[in-house]
Amino acid sequence: MAADPFARLADRQQSLRTALRALEAAGPGSPDFPALLATTDQEVQAVVQARRDAEAAKLATPNRAIAATTTAAAFVVAIGWFDGWSLLSLLLAVATAAAVLVDPTGSKPWEPRARTTAIAAALAATLLTPPAHGWAAIITAAGIAWWAWRTRG
């Protein structure tokens with residue numbers, strides 16, 4: 001099996017195509033149908049996991065970069081435009097950035113993109129904190145809610 005996540009995804013997709021052709025050729029009345037169906041299900045699960053791995057590989061570096069930028073911007077804003085209401089927005093942004101820095105891709109199928117959305121919202125909220133004060137926390141909360149919704153259950 002290929003070590004590159006994108007090559008692994010291509011291999012898994014080809015295996016799924018082969019399993020689907022075998023399933024189609026056997027037909028529902030075949031005695032091999034239940035075994036072929038189980039094999040096809042395993043191939044589908046493998047493709048989903050390979051797709052998540054490929055997306056994680058693609059988004060790990062950008063997620064870390066946005067999280068680091070968010071953290072730096074939060075400290076600049078905290079020092080330059082400090083007030084009590086801004087602190088809520090900045091604390092939410094730094095907490096989101098810390099979660100993404102620790103694990104930039106997560107473990108569930110939609111989590112890499114959900115983390116990208118959450119950290120981008122945190123960065124936007126951090127940059128909007130000086131003019132919007134604590135109201136910018138709503139943007140970070142919306143990003144966190146999107147992350148939670150996409151990765152629930």
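Preceding block: the structure.
Here's what I pulled together on the structure shown here. Every chain is numbered on its own, with residues counted from 1 as its sequence reads. Note on the predicted model: pLDDT of at least 70 is required for a residue's local features to be given, and 80 or more for side-chain atom pairs to be given and counted; whole-chain, interface and lining totals, by contrast, use all residues. Excluding hydrogens and water, the side-chain figures rest on all heavy atoms present in the structure.

### Things to note about the overall build of the protein chain
For step 1, the next point in the chain: The helix and strand inventory of the protein chain stands at five helices and zero strands.
For step 2, the next point in the chain: Scanning the protein chain from its N terminus toward the C terminus, one meets helices and strands in the order α-α-α-α-α.
For step 3, the next point in the chain: Taken over C-alpha atoms, the radius of gyration is set against a globule rule of 2.2 Å times the number of residues to the power 0.38. For the protein chain, the C-alpha radius of gyration of 21 Å lies well beyond 15 Å, the compact-globule estimate for 153 residues.
For step 4, the next point in the chain: Across its three principal axes, the protein chain shows a C-alpha extent of roughly 70 × 30 × 20 Å.
For step 5, the next point in the chain: Across the 153 residues in the protein chain, those meeting the buried criterion constitute 36%.
For step 6, the next point in the chain: Pairs of residues are marked as contacts when any of their non-hydrogen atoms sit within 4.5 Å. Counting only contacts in the protein chain whose residues sit at least 6 apart along the sequence, the fraction spanning at least 24 positions is 73%.
For step 7, the next point in the chain: Accessible surface, the protein chain: about 8600 Å² in total, of which carbon and sulfur atoms supply 68%.
For step 8, the next point in the chain: This count recognises Lys and Arg as positive and Asp and Glu as negative, with His and chain-terminal groups excluded. By convention, the charge on Lys lies at NZ, on Arg at CZ, on Asp at CG and on Glu at CD. Counting 13 positive and 11 negative side-chain charges, the protein chain places the averaged centre of each group 4 Å from the other. Numbered from the N terminus, helices here are DSSP runs of H or I no shorter than four residues, and strands are runs of E no shorter than two. Relative accessibility under 20% of the residue-type maximum defines a buried residue, over 50% an exposed one, and the middle range a partly exposed one, all with a 1.4 Å probe and only protein chains included. Areas reported here follow the Shrake-Rupley algorithm with a probe of radius 1.4 Å; residue values treat only the protein chains shown as occluding.

### A word on helix α3 (residues 84-102)
For step 1, the next point in the chain: For a helix, the expected span equals 1.5 Å multiplied by the residue count minus one. Between the first and last C-alpha of α3 there are 27 Å, a value that for 19 residues agrees with the 27 Å anticipated at 1.5 Å per step.
For step 2, the next point in the chain: Within α3, the full set of buried residues consists of Ser-86, Ser-89, Leu-90, Ala-93, Thr-96, Ala-97 and Val-100. The buried residues of α3 occupy an angular sector of 130 degrees when the element is viewed end-on, so they sit on one face. Across α3 from its buried face, at more than 90 degrees, point the exposed residues Gly-84, Leu-91 and Val-102.
For step 3, the next point in the chain: Residues of α3 that are buried sit in contact with α2 (33-80), α4 (111-132) and α5 (137-150). Think of the arc as the fan of directions from the helix axis to the C-beta atoms.

### Considering the packing of α2 against α3
For step 1, the next point in the chain: The interhelical angle for the contact between α2 and α3, taken along N-to-C directions, is 155 degrees, at an axis separation of 9 Å. Considering the angle they form, α2 stands roughly antiparallel to α3. Viewed along their axes, α2 and α3 form a crossing whose handedness is left-handed. On the side of α2, the interface is formed by Asn-63, Arg-64, Ala-67, Ala-68, Thr-70, Thr-71, Ala-74, Val-77 and Ala-78, while α3 contributes Leu-90, Ala-93, Val-94, Ala-97, Val-100 and Leu-101.
For step 2, the next point in the chain: Tallied by class, residues from the contact of α2 with α3 come to 11 nonpolar, three polar and one charged. Fitted lines through C-alpha atoms serve as axes, helices being fitted only where they are in contact, and the angles separating the N-to-C directions of these axes extend from 0 to 180 degrees. Angle categories: roughly parallel below 35 degrees, roughly antiparallel above 145, roughly perpendicular from 65 to 115, and oblique for all the rest. The hand of a helix crossing depends on one turn: near helix anticlockwise from the far one by less than a right angle means left-handed, and clockwise means right-handed. In this count, Pro and Cys sit with the nonpolar residues alongside Ala, Val, Leu, Ile, Met, Phe, Trp and Tyr, while Asp, Glu, Lys and Arg are called charged and the others, Gly among them, polar.

### A closer look at the environment of Ala-97
For step 1, the next point in the chain: Positionally, Ala-97 belongs in helix α3.
For step 2, the next point in the chain: For Ala-97, a relative accessible area of 0% puts it in the buried group.
For step 3, the next point in the chain: Taking the C-alpha atoms as reference, Ala-97 lies 8.0 Å from Ile-66; in sequence the two are 31 residues apart.
For step 4, the next point in the chain: Setting aside residues up to four positions removed in sequence, Ala-97 forms contacts with Ala-67, Thr-70, Thr-71 and Ile-119.

### Section: the packing of aromatic side chains
For step 1, the next point in the chain: Two aromatic rings from Phe, Tyr or Trp, using only the six-membered ring of Trp, form a pair when their centres are within 6.5 Å; if the ring planes differ by under 30 degrees the pair is stacked, by over 60 it is edge-to-face, and anything between is tilted. Applying the stated criterion across every chain yields a total of one aromatic pair.
For step 2, the next point in the chain: Ring centres of Trp-146 and Trp-149 lie 5.2 Å apart, and the angle between their planes is 40 degrees; this geometry places the pair in the tilted category. With Trp-146 and Trp-149 both in helix α5, this residue pair falls three residues apart, about one helical turn.
For step 3, the next point in the chain: The class for Trp-149 is partly exposed, based on a relative accessible area of 43%.

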